[in-house]
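Chains, contacts and geometry: an overview
Here are the chains, one letter per residue:
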Amino acid sequence: MPRSLWIGVALSAVFVLAAALSFVWTPYPVDGMNIPARLQPPSWAHPLGTDHFGRDILSMIMVGARTSIAVALLAVGIGMALGVPLGLAAAARKGGLLDELIMRANDLIFAFPAIVIAILITAVFGASAVNAIVAIGIFNIPVFARLTRGGALSLWQREFILAARVAGKSATRISAEHILPNVANLLIVQGTIQFSLGILAEAGLSYVGLGAQPPTPSWGRMLAEAQTMVSLAPHVALIPGLAIVLTVLGLNLMGDGLRDLLDPKVRKART
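Let me sum up the structure you'll find in this document. (Residues numbered from 1 in each chain as written. Predicted model: local features only at pLDDT ≥ 70, side-chain atom pairs only at ≥ 80, totals over all residues. Heavy atoms only, no water.)

**Description of the overall build of the protein chain**
Along its length, the protein chain carries 10 helices and 0 strands. When the elements of the protein chain are put in sequence order from the N terminus, they spell out α-α-α-α-α-α-α-α-α-α. Along the longest, intermediate and shortest principal axes, the C-alpha atoms of the protein chain span 75 × 50 × 30 Å. Counting over 271 residues, the protein chain shows a buried share of 45%. Of the contacts formed within the protein chain by residues at least 6 apart in sequence, a portion of 69% connects residues at least 24 apart. On the protein chain, roughly 13,700 Å² of surface is accessible, and the fraction owed to carbon and sulfur atoms is 70%. Between the mean site of the 19 positive side-chain charges and the mean site of the 13 negative ones, the protein chain shows a separation of 9 Å. (Helix = DSSP H or I, 4+ residues; strand = E, 2+ residues; numbered from the N terminus. Buried < 20%, exposed > 50% of the residue type's maximum accessible area, 1.4 Å probe, protein only. Contact = heavy atoms within 4.5 Å. Areas by Shrake-Rupley, 256 points an atom, 1.4 Å probe, with all protein chains shown as cover. Lys, Arg positive; Asp, Glu negative; His and termini not counted. Charge placed at Lys NZ, Arg CZ, Asp CG, Glu CD.)

If you want it as structure tokens, here you go:
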């Protein structure tokens, strides 16, 4: 098994376990303020220190992991649930009107970054984690649609697909029974990559006030609140920044390892 996969799984597991543990236990209440103990450096009482309100940073990191993972996971789920069927439909009707409509719609969505989509949604419905999920999810749709279409197009001329067509199977049935299982490896790898990008996007949206709202902890908002106190208490900004970096690094390493494991061409080229 690739070493990058082990490292990626280990890093990702730390934050997943921290998020899961936060449902039942945190060292301190995340909304518990202790002004006399504010901006304390890491200690036995507060392993990662306290912020400008005296809140325990470790507790906030744990709950913030839950927020980031939930937003990114649901956003990737939206992207896959809508993008994969669209990509399969476009490949099955290559060169047709449906293919053209799907791909041009993808181009239109790609023209607007997730932050712009989030601003548009926020202007109408207000800032929240749900709207962040919708914005990131919409941006993920064309990613999975293009990937699925590209992988499916290379399969439609294969002999086993031609045999299925001769047997009288419809394009929809061929896509579900033969095309989708053969592009699943691509989707799994891309899913881990988009998951890491989703965490970055959620942190970015929260940083500018468009993601999860107080009192729900968020790594991005922790960075935003700490930016004016870097000289006084560097750990307040450093710790959530490291949490984002290590989580994204772990997911990217896991995606790279899964690609090596699942793609025989890449595995053969590296051996």
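There's more to say after this.
**Observations regarding the packing of aromatic side chains**
In total, this model carries 2 aromatic pairs according to the counting rule given. Relative to W219, the ring of F15 lies with its centre 5.7 Å away and its plane at 75°, an arrangement referred to as edge-to-face. Placement of F15 in helix α1 (residues 3-21) and of W219 in helix α8 (residues 219-226) is noted, with a sequence separation of 204 residues between them. For W219, a relative accessible area of 1% gives the class buried. A cation over an aromatic ring shows up here: R66 above the ring of F23, its NZ or CZ 4.5 Å from the ring centre. (Phe/Tyr/Trp six-rings, centres within 6.5 Å; stacked < 30°, edge-to-face > 60°. Lys NZ or Arg CZ within 6 Å of the ring centre and 35° of its normal.)

**Remarks on the pattern of salt bridges**
Under the counting rule described, the total for this entry stands at 10 salt bridges. The partner of R221 in a salt bridge is E225, with the nearest N and O atoms 3.7 Å apart. Here R221 and its partner E225 are both found in helix α8, 4 residues apart, which amounts to about one turn of the helix. What makes R221 buried here is its relative accessible area of 13%. On the accessibility criterion, E225 (29% relative accessible area) is partly exposed. We note a salt bridge from R259 to D256, for which the minimum N-O separation is 2.6 Å. Taken as a pair, R259 and D256 lie in helix α9 (residues 234-262) at a separation of 3 residues, close to a single helical turn. On the basis of relative accessibility, which here comes to 23%, the residue D256 falls in the partly exposed class. (Salt bridge = Lys/Arg side-chain N within 4 Å of Asp/Glu carboxyl O.)

**As for the nonpolar core**
I61, W156, I179 and W219 are the most contacted members of the largest nonpolar core, which totals 42 residues. Elements with a contribution of two residues or more to this core: α1, α2 (57-92), α5 (129-153), α6 (159-166), α7 (171-207), α8 and α9. The dominant element in this core, judged by the number of residues it contributes, is α2, at 10 residues. In this structure I61 touches L48, W219, M222, I239, P240 and A243, once residues within four positions along its chain are discounted. If you look at the next biggest cluster of nonpolar residues, it comprises 11 residues, including I117, I121, A135 and I136. (Core = buried A, V, L, I, M, F, W, Y, C linked by side-chain atoms within 4.5 Å.)

**Remarks on the side chain of Q190**
When you line up the elements, Q190 lands in helix α7. With sequence-adjacent residues up to four places away left out, Q190 is seen in contact with V143, F144 and L147.

**A closer look at a nonpolar patch on the surface**
Among the surface-exposed residues, L108, F112, I115, V116, I119, L120, Y207 and V208 lie close enough to one another that they form a single nonpolar patch of about 700 Å² accessible area. Here the nonpolar patch takes 4 residues from helix α4 (residues 114-125), the largest share from any one element. Positionally, L120 belongs in helix α4. Relative accessible area serves as the criterion here: at 52%, L120 is assigned to the exposed category. (Patch = residues over 30% accessible without salt bridge, like charges linked within 9 Å, V, L, I, M, F, W, Y side chains within 5 Å.)

**Details of the packing of α7 against α9**
At their nearest, the axes of α7 and α9 sit 9 Å apart, and the two run at 170° to each other. Taken as axis vectors, α7 and α9 run roughly antiparallel relative to one another. Touching N185, I188, V189, T192, I193, F195, S196, I199, L200 and A203 of α7 are I244, T247, V248, L251, N252, M254, G255, L258, R259 and L262, all from α9. (Axes fitted to C-alpha atoms, helices over the stretch in contact; angles between N-to-C directions. Parallel < 35°, antiparallel > 145°, perpendicular 65-115°, else oblique.)

**Remarks on the environment of G79**
With respect to the helices and strands, G79 occurs in helix α2. Along the primary structure G79 and L97 are separated by 18 residues, whereas in three dimensions their C-alpha atoms are 22 Å apart. Among all residues touching G79, those that are not within four sequence positions of it are V84, G137, N140, I141 and F144.

**Topic: the environment of L205**
As for its placement among the helices and strands, L205 is situated in helix α7. Residue class for L205 comes out buried when judged on its relative accessible area of 2%. Ignoring any residue separated from it by four or fewer positions in sequence, one finds L205 in contact with I115, A118, A132, I136, L210 and G211.

**Structural notes on unusual backbone geometry**
For the bond from P214 to P215, the omega torsion is 10°, close enough to zero to count as cis. Within the element layout of this structure, P215 appears in the loop between α7 and α8. At L39, a position not held by glycine, the phi torsion is positive, near 55°.

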